[in-house]
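Descriptive analysis of the structure
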Amino acid sequence: MTSSGILQNKHQNNNVHIFCLRTSPRLLCAATQQKNTGQNLEEDQNQSQNEQKVEPSSAEKLLAEEKAKLEEQLKEVNDKYKRALADAENVRQRSQKLVEEAKLYGIQSFCKDLLEVADILEKATESVPKEEIKDENPHLKNLYEGLVMTEIQIQKVFKKHGLLRLDPVGAKFDPYEHEALFHAPVEGQEPGTIALVSKVGYKLHGRTLRPALVGVVKDA
């Protein structure tokens, strides 16, 4: 090779070296930029995965809160439903009681009117002189027997409909069943007992319809 060829080769080698030096920073920048881009993508993926991990946790929390609210609402509805059932049952029982009382005591006013008839009948029977009831006096005897039979029959009708006669001679005074007309000492009887019945009383199905008018024994 001639000296001119050697010089030409050296010149070409120098140009290649210079080109490499000039292009290397660009390649380094590109490589660095590509590396940073890869790191950024990896960080974005990690962040996205973390967000995906966090999001189910938040959703579960919201679902738990919503479940608690619904359970509380269900409890309130159940309580209201039970109270409504209890109120309805109370109303039903009260209505049933009123109906039963109406059946039992609906005749109360009618019974009070009949008591006056029974009182008159009793007085008529008591007014007949017992010594005059003889076979020699058949008209009076038949009248008396008819009055007695009528009185017995009316008491049977009263009893059939729950109306009971109160004739409390010798019983303890009860302000719910008796009305004291007077108090007087009576020998041989305990104070607080009833010595005399001026007018008999009546009870309708256990409820005092008319108190007995009585005289009560007191201490001497």
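See the structure shown above.
In this report, the structure presented in the accompanying data block is examined. (Residues numbered from 1 in each chain as written. Predicted model: local features only at pLDDT ≥ 70, side-chain atom pairs only at ≥ 80, totals over all residues. Heavy atoms only, no water.)

1. Topic: the overall build of the protein chain
In terms of helices and strands, the protein chain carries three helices and six strands. Starting at the N terminus and walking to the C terminus, you meet the elements of the protein chain as α-α-α-β-β-β-β-β-β. Excluding contacts between residues fewer than 6 apart, the proportion of contacts in the protein chain whose partners are at least 24 apart in sequence is 64%. Surface summary for the protein chain: the accessible area is close to 17,200 Å², and the carbon and sulfur share equals 56%. (Helix = DSSP H or I, 4+ residues; strand = E, 2+ residues; numbered from the N terminus. Contact = heavy atoms within 4.5 Å. Areas by Shrake-Rupley, 256 points an atom, 1.4 Å probe, with all protein chains shown as cover.)

2. Topic: the sheet that holds strand β1 (residues 163–166)
Strand order in this open sheet of three strands is β1-β4-β5, and the pairing throughout is antiparallel. Sheet topology places β1 and β5 (207–210) at the edges, where each strand pairs with a single neighbour. With direction set aside, neighbouring strand axes in the sheet form an average angle of 35 degrees. Note that strand β4 (residues 201–204) and β5 share three bridges and pair antiparallel. (Pairing = 2+ DSSP bridges. Axes fitted to C-alpha atoms, helices over the stretch in contact; angles between N-to-C directions.)

3. Section: the nonpolar core
Formed by 18 residues in total, the largest nonpolar core has its most connected members in L115, F158, L163, Y202, L204, L209 and V214. Among the elements of the structure, α2 (108–127), α3 (138–160), β3 (194–199), β4 and β6 (212–217) are those that each provide at least two residues to this core. It is α2 that provides the largest number of residues to this core, a total of four residues. Ignoring any residue separated from it by four or fewer positions in sequence, one finds F158 in contact with L114, L115, A118, L163 and Y202. (Core = buried A, V, L, I, M, F, W, Y, C linked by side-chain atoms within 4.5 Å. Buried < 20%, exposed > 50% of the residue type's maximum accessible area, 1.4 Å probe, protein only.)

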